[in-house]
Amino acid sequence: MPDSQVILRFCGAARTVTGSCFWVRSGQSSFLVDCGLFQGSKTLKELNYRPFPFDPKRIDFVLLTHAHIDHAGLLPRLIKEGFAGPVYMTEGTKDLLTFMLPDSGHIQEIEVEHLNERKRQWDVPAVEPIYTRADAEDAIRRFETIAYETWIEPADGVRARFWNAGHILGSASIELELSCGREQRVLRILFSGDIGPEHKLFHADPKAPENFDYVVMESTYGGRTRTKASPEHRRMLLAQEVKQALRADGVLLIPAFAVERTQELLCDLIRLQESGGIPRVPVFLDSPLAIQVTKVFESHIGELEDLGGRKSLLHNPAIVPTLTADESKRINGFSGSAIIMAASGMCEAGRIRHHLKHWLWRREATVLLAGFQAQGTLGRILADGASEVKIQGTEIAVRATIRQTDLYTGHADRDELVAWICGRQPIKRAVYLTHGEDNDIDALREAIAAAGLDKGRIIAPVLDDEIELTGEGPMPRARTAPRRLDPEVVGRPDWHNELAQISLDIKSQLDMAADDRSRNIILRRLRRALE
Ligand SMILES: [Zn+2]
């Protein structure tokens, strides 16, 4: 590759919301912006086991936008496979990752253990975890913290500056200046990272400079406008949900993202209990990670807004943090109304799955989904109204009330994303829409074009697209290796999801059939269809 070229490859979060990873080669240096884990369907998650599309040993450094696992979750694997350079991030991001990455390693170990048990039964070779808790602890030693709004020069001809993106504690948009071309012209590029909404609890509105050649931006809520609520209105709506759920000794389960969502909900629940807006029932915080992360928040309390002078969220008589597995198990023995918050937010892992197993089939329970639910996740399946689900191999009827709220979100909605990109103008060459599912990307593209940006220069790349960024405009590059996944299957439910759905549908048809004779007819027809 000639010294003067700048090449960008979309190694993740292309037409899907997970696996954020952008590989940039600029002159002599080669670096990544984010190195995230793929989540969602099994097909997508398999990418976490496949070789990286680059040689980790030849990556010089990583710039990390924020601590969410879909942005940082493959860093331990990158390091395990020979990456030897620094990873630059803000202090808030590092403090969060100190707990989040080992937790992610632990989840990988447990998942692989379950998987290998099944593989042994089928006589199929065992698999290794993507990385372990120990690998994650090693990775953290490689992390370097930097301040917001201060230029760093991680390599010759590469300058970077982090701006507060208002998404979660420590989150950043990253401004880059790269020397390109024989005349060493400076290319200005902005990676949005995840962009927070306006008036978000705890954070100021997102901040970033203007005047770029290229902008790579997220589109998570590109197709949606959210209920805009003042803090009082938001608490009132939450109070309605809680009161409805707790009536007649009901139990409210909140699958909560350990970072931000848990702290936001804790903050509002405490306020509502103190003001008499909701009953003073115990609030179990049943997630070791969420408890640790809440402590990280408390250590950054000086940088956070809207805490009403509070120094702690955990030191409150109604909040019951349950760290150990024994404490967690004891929650099931508790009688009477309660609120149970547990990770993960999309019900994919963590203690929430045990609580769902225990409560989903009971009418007195309500599940409040409080955040984005990606395609193929259990949270999405519940949100879409499934009448039966499978958890750890057990089929469970869904009789609990399923509710969803978009009041608490870390993401800007369509109007806010449009305002954000308009604030970055002029953008001379192209805008790349990433980190969104198809519908959201298409809607955001229309909305940005309607706001006056040239539609021809708003591009939605697919996984493994590679582009040369020049001072005149983008130049697509010929592929040297096949794409890791067919763009058609990225960000959609895969055959595993379909199979699970079909077997649940068959079972419910058989259950509903009038008698065994009708059941035998259904089974005969199915058998015929298979032949
Ligand atoms: Zn994020």
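Because the structure is predicted, anything quoted here is derived from the model rather than measured. All residue numbers here refer to positions counted from 1 along the written sequence of the relevant chain. In view of the model being predicted, local features appear only for residues whose pLDDT reaches at least 70, and side-chain atom pairs are presented and counted only at 80 or more, with totals across whole chains, interfaces and linings using the full set of residues. Values reported for side chains reflect all heavy atoms of the structure, with hydrogen atoms and water molecules removed beforehand.

Would you explain the overall build of the chain in this entry?
Secondary structure elements are taken from DSSP: a helix is a run of H or I of four residues or more, a strand is a run of E of two residues or more, and numbering for both begins at the N terminus. When you go through the chain residue by residue, the secondary structure sums to 15 helices and 23 strands. Principal-axis analysis of the C-alpha atoms gives the chain an extent of 80 × 65 × 50 Å. The rule is simple: take the accessible area with a 1.4 Å probe, protein chains only, and divide by the maximum for that residue type; under 20% is buried, over 50% is exposed, in between is partly exposed. Here the chain, with 531 residues, has 55% of them falling under the buried criterion. By sequence separation, contacts in the chain at least 24 residues apart represent 73% of the contacts at least 6 residues apart. Accessible surface area values rest on a Shrake-Rupley calculation with a 1.4 Å probe, where residue burial reflects the displayed protein chains alone. Accessible surface for the chain amounts to roughly 23000 Å². Of this, 50% is attributable to carbon and sulfur atoms. His is not counted, nor are the chain ends, whereas Lys and Arg count as positive and Asp and Glu as negative. Taken as the charge centre is NZ of Lys, CZ of Arg, CG of Asp or CD of Glu, depending on the residue. With 67 positive and 75 negative side-chain charges, the chain shows a spacing of 4 Å between the two charge centroids. Throughout, a contact is declared for two residues whenever any of their heavy atoms are within 4.5 Å.

In this structure, what is going on with a positive patch on the surface? I would like to understand it.
Each patch groups residues whose relative accessible area exceeds 30% and which form no salt bridge, using 9 Å between like charges and 5 Å between nonpolar side chains of Val, Leu, Ile, Met, Phe, Trp and Tyr. By salt bridge we mean one thing: a side-chain nitrogen of Lys or Arg within 4 Å of a carboxyl oxygen of Asp or Glu. Among the surface-exposed residues, Arg517, Arg524, Arg525 and Arg528 lie close enough to one another that they form a single positively charged patch. You can see Arg525 is positioned in helix H15 (residues 516-530).

Help me out: how do you make sense of the packing of helix H6 (residues 231-246) against helix H7 (residues 261-275) in this one?
Helix-helix packing: each pair is described by the crossing angle between the helix axes and the interaxial distance. Contact pair H6 / H7: the axes reach a minimum separation of 10 Å and the direction vectors enclose 80°. Taken together, the axis directions place H6 and H7 in an arrangement best described as roughly perpendicular. Touching Arg234, Arg235, Leu238, Ala239 and Val242 of H6 are Leu265, Asp268, Leu269, Arg271 and Leu272, all from H7. Looking at the contact of H6 with H7 residue by residue, the class counts come to 6 nonpolar, no polar and 4 charged. Each axis is a line fitted through C-alpha atoms, and for a helix only the stretch in contact is used; angles between axes span 0 to 180 degrees, taken between their N-to-C directions. Angles are sorted into four bins: roughly parallel if under 35 degrees, roughly antiparallel if over 145, roughly perpendicular if 65 to 115, and oblique for all others. Here the nonpolar group is Ala, Val, Leu, Ile, Met, Phe, Trp, Tyr, Cys and Pro; Asp, Glu, Lys and Arg are the charged ones; every other residue, Gly included, is treated as polar.

Would you explain the packing of aromatic side chains in this entry?
A ring pair, where both rings are aromatic, is described by two values, the distance of the centres and the angle of the planes. A pair of Phe, Tyr and Trp rings is counted when the ring centres sit within 6.5 Å of each other, with Trp represented by its six-membered ring. The angle between the planes then sorts it: under 30 degrees is stacked, over 60 is edge-to-face, the rest tilted. Scanning the entire structure with this criterion turns up 11 aromatic pairs. Note on Phe61 and Tyr88: the rings are 6.2 Å apart at their centroids and 70° apart in plane angle, and the pair reads as edge-to-face. Of this pair, Phe61 sits in strand E4 (residues 61-63) while Tyr88 is found in strand E5 (residues 87-90), placing the two residues 27 residues apart along the sequence. Note on accessibility: Phe61 and Tyr88 belong to one class, buried. Here a set of aromatic residues connected by ring pairs shows up, and it is made of Phe10, Phe22, Phe191, Tyr214 and Tyr432. Cation placement over rings: the criterion is NZ of Lys or CZ of Arg within 6 Å of the ring centroid and within 35° of the ring normal. Its guanidinium or amino end placed over the ring of Phe212, Arg188 lies 4.5 Å from that ring's centre, counting from NZ or CZ. The positively charged end of Arg424 is found above the aromatic ring belonging to Trp420, 5.1 Å away from the centroid.

I tried to follow unusual backbone geometry on my own but got confused; where do I start?
In most cases, non-glycine residues show a negative phi, while peptide bonds are predominantly trans. That bond from Ala343 to Ser344 is cis: its omega, 5°, falls within 30 degrees of zero. Counting through the fold element by element, Ser344 comes out in the loop between strand E15 (338-342) and helix H10 (352-359).

I tried to follow a negative patch on the surface on my own but got confused; where do I start?
On the surface, Glu198, Asp205, Glu305 and Asp306 cluster together into a patch of negative charge. Along the chain, Glu305 falls in the loop between helix H8 (288-299) and strand E14 (319-321).

Help me understand the coordination of the zinc ion, please; the structure alone is not making it clear to me.
Six octahedral donors around a metal ideally sit at 90 or 180 degrees from one another, while four tetrahedral donors ideally sit at 109.5 degrees. Every protein donor of the zinc ion is accounted for by His66 (NE2), His68 (ND1), His167 (NE2) and Asp194 (OD), and the metal-donor separations fall at 2.2 to 2.3 Å. Each metal site lists N, O and S donors within 2.8 Å (3.2 Å for Na, K and Ca). With water left out of the atoms, a site can look as if it is missing ligands. Here the metal geometry follows the donor angles, with tetrahedral for four donors whose angles all fall between 85 and 135 degrees, square planar for four and octahedral for six when opposite donors are more than 155 degrees apart and every other angle is between 65 and 115, and irregular for all the rest. Around the zinc ion, the 4 donor atoms sit at angles spanning 91 to 164°, and that spread fits a shape best called irregular. Considered as a linear motif, the donors of the zinc ion on their single chain read H-x1-H-x98-H-x26-D. Here His66 is found in the loop between E4 and helix H2 (69-72), whereas its partner His167 is found in the loop between strand E8 (158-164) and strand E9 (172-180), with 101 residues between them in sequence. Taking relative accessible area as the criterion, His66 reaches 1% and is therefore assigned buried.

Could you clarify how one ought to interpret the side chain of Ser20 in this entry?
Looking at where Ser20 falls in the secondary structure, it is placed in the loop between strand E1 (6-10) and strand E2 (22-26). Once residues within four sequence positions are removed from consideration, Ser20 is found in contact with Gly12, Ala13, Asp34, Cys35, Gly36, Asp70, His71 and His435.

What is the right way to read the packing of helix H4 (residues 91-121) against helix H5 (residues 133-140) from this model?
Interaxial distance between H4 and H5 falls to 7 Å at its minimum, and their mutual angle equals 155°. Taken together, the axes of H4 and H5 are roughly antiparallel relative to one another. In this structure, the crossing between H4 and H5 has a hand that is right-handed. Where H4 abuts H5, its residues Lys94, Leu97, Thr98, Leu101, Pro102, Gly105, His106 and Glu109 lie against Arg133, Ala136, Glu137 and Ile140. Each residue belonging to the contact of H4 with H5 can be placed in one class, and the counts come to 5 nonpolar, 3 polar and 4 charged. Note on convention: near helix rotated counterclockwise from far helix by under a right angle means a left-handed crossing. Clockwise means right-handed.

Whenever I open this one, H8 confuses me. Can you help?
Because each turn of an α-helix spans 3.6 residues, side chains separated by three or four positions end up pointing in the same direction. Taking 1.5 Å per residue as the helical rise, H8 with its 12 residues ought to reach 16 Å, and the 17 Å between its terminal C-alpha atoms agrees with that figure. Within the span of H8, buried status applies to Leu289, Ala290, Ile291, Val293, Thr294, Val296, Phe297 and Glu298. On its buried face, H8 is in contact with H4, H7, strand E13 (283-285) and E14. Multiplying one less than the number of residues by 1.5 Å gives the expected span of a helix.

Just to check I follow, could you spell out the pattern of salt bridges for this structure?
Side chains that differ in charge, positive against negative, can pair when their charged atoms come close. Scanning the entire structure with this criterion turns up 34 salt bridges. Put simply, Asp213 and Arg429 hold a salt bridge, and the shortest N to O gap is 3.6 Å. In this pair, Asp213 sits in strand E11 (residues 212-218) while Arg429 sits in strand E20 (residues 427-434), placing the two residues 216 residues apart along the sequence. What makes Arg429 buried here is its relative accessible area of 19%. Note that Glu241 and Arg403 form a salt bridge whose closest N and O atoms lie 2.7 Å from each other. In this pair, Glu241 sits in helix H6 while Arg403 sits in strand E19 (residues 401-404), placing the two residues 162 residues apart along the sequence. Connected through shared salt-bridge partners, Arg9, Arg25, Asp464, Glu466, Arg477 and Arg484 make up one network.

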